[in-house]
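This is what each chain is made of:
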Amino acid sequence: MINLLGIVVRENEELLNDIELKTAPADFRFPTTNQTRHCFTRYIEFHRCLAAKGEESNECERFAKYYRSLCPGDWIEKWNEQRENGTFPGPL
């Protein structure tokens, strides 16, 4: 099947089937349905891991996956800007 742009839709569907979507595992520190603190903590854990192990380390990738699945993109952008400006409110 081909769409209006001439892109083969069947190939795109096969690529999408290969993608496995996951979220962060349950964490006993955050038992309620409100995941705001969970999101913030995972973001901080990721950046602490990078600081300790270096940017090239793959060991921190799981924390990145966790915070990216929990946190709204707008929050992440704001926190990244705050870190760059030195105004991030959390302990990094």
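See the structure above.
A brief look at the structure comes next. Remember, it's a predicted structure, so these values are computed and weren't measured experimentally.

**Looking at the side chain of Ser-57**
And step 1. By the element assignment, Ser-57 lies in the loop between α2 (36-53) and α3 (61-70).
And step 2. Accessibility expressed as a relative area gives 17% for Ser-57, which makes it buried.
And step 3. A distance of 3.2 Å separates the side chain of Ser-57 from the backbone nitrogen of Glu-59, its partner in a polar contact.

**Remarks on the packing of aromatic side chains**
And step 1. Applying the stated criterion to the full structure yields 9 aromatic pairs.
And step 2. On the basis of an interplanar angle of 80° and a centroid distance of 5.1 Å, the ring pair of Tyr-43 and Tyr-67 is categorised as edge-to-face. On the criterion of sequence distance, the pair formed by Tyr-43 in helix α2 and Tyr-67 in helix α3 is long-range, its members being 24 residues apart.
And step 3. Taking the centre distance of 5.9 Å and the plane angle of 50° together, the rings of Trp-75 and Trp-79 count as tilted. Taken as a pair, Trp-75 and Trp-79 lie in helix α4 (residues 73-85) at a separation of 4 residues, close to a single helical turn.
And step 4. What links up through ring pairs into an aromatic cluster is the set Phe-40, Tyr-43, Phe-46, Tyr-67, Trp-75, Trp-79 and Phe-88.

**With respect to the nonpolar core**
And step 1. Within the largest apolar cluster, 16 residues are counted, with the highest numbers of intra-cluster contacts made by Tyr-43, Phe-46, Tyr-67, Cys-71 and Trp-79.
And step 2. Among the secondary structure elements, those contributing two or more residues to this core are α2, α3 and α4.
And step 3. For this core, the element with the highest residue contribution is α2, accounting for 6 residues.
And step 4. Not counting chain neighbours up to four residues away, the residues in contact with Trp-79 comprise Cys-39, Phe-40, Tyr-43, Cys-71 and Phe-88.

**Let's talk about a negative patch on the surface**
And step 1. A cluster of acidic residues, Asp-74, Glu-77, Glu-81 and Glu-84, forms a negative patch at the surface.
And step 2. You can see Glu-81 is positioned in helix α4.

**Focus: α2**
And step 1. With 18 residues, α2 should cover 26 Å at 1.5 Å per step; its first-to-last C-alpha distance of 26 Å lies within 8% of that length.
And step 2. Among all positions of α2, only His-38, Cys-39, Arg-42, Tyr-43, Ile-44, Glu-45, Phe-46, His-47, Cys-49 and Leu-50 are buried.
And step 3. Note on α2: the residue one or two positions beyond its end, Gly-54, has a positive phi of about 95°.

**Describing the environment of Arg-37**
And step 1. Take Arg-37: it is sitting in helix α2.
And step 2. For Arg-37, a relative accessible area of 63% puts it in the exposed group.

**Re the state of the cysteines**
And step 1. Under the counting rule described, the total for this entry stands at 2 disulfides.
And step 2. Here Cys-49 connects covalently by a disulfide to Cys-60, the sulfurs 2.0 Å from one another. Given an S-S torsion of about -85°, the disulfide between Cys-49 and Cys-60 has left-handed geometry. Note that Cys-49 is positioned in helix α2 and Cys-60 in the loop between α2 and α3, a separation of 11 residues in sequence. The pair formed by Cys-49 and Cys-60 is uniform in burial state, with each residue classed as buried.
And step 3. Sequence-ordered numbering of the bonded cysteines in the chain gives a pairing of 1-4, 2-3.

What counts and how
- Residues numbered from 1 in each chain as written.
- Predicted model: local features only at pLDDT ≥ 70, side-chain atom pairs only at ≥ 80, totals over all residues.
- Heavy atoms only, no water.
- Helix = DSSP H or I, 4+ residues; strand = E, 2+ residues; numbered from the N terminus.
- Buried < 20%, exposed > 50% of the residue type's maximum accessible area, 1.4 Å probe, protein only.
- Polar contact = N/O pair within 3.5 Å; in protein donor to acceptor, adjacent residues only side chain to side chain.
- Phe/Tyr/Trp six-rings, centres within 6.5 Å; stacked < 30°, edge-to-face > 60°.
- Core = buried A, V, L, I, M, F, W, Y, C linked by side-chain atoms within 4.5 Å.
- Contact = heavy atoms within 4.5 Å.
- Patch = residues over 30% accessible without salt bridge, like charges linked within 9 Å, V, L, I, M, F, W, Y side chains within 5 Å.
- Areas by Shrake-Rupley, 256 points an atom, 1.4 Å probe, with all protein chains shown as cover.
- Salt bridge = Lys/Arg side-chain N within 4 Å of Asp/Glu carboxyl O.
- Lys, Arg positive; Asp, Glu negative; His and termini not counted.
- Charge placed at Lys NZ, Arg CZ, Asp CG, Glu CD.
- Expected span 1.5 Å × (residues − 1).
- Disulfide = S-S within 2.5 Å.

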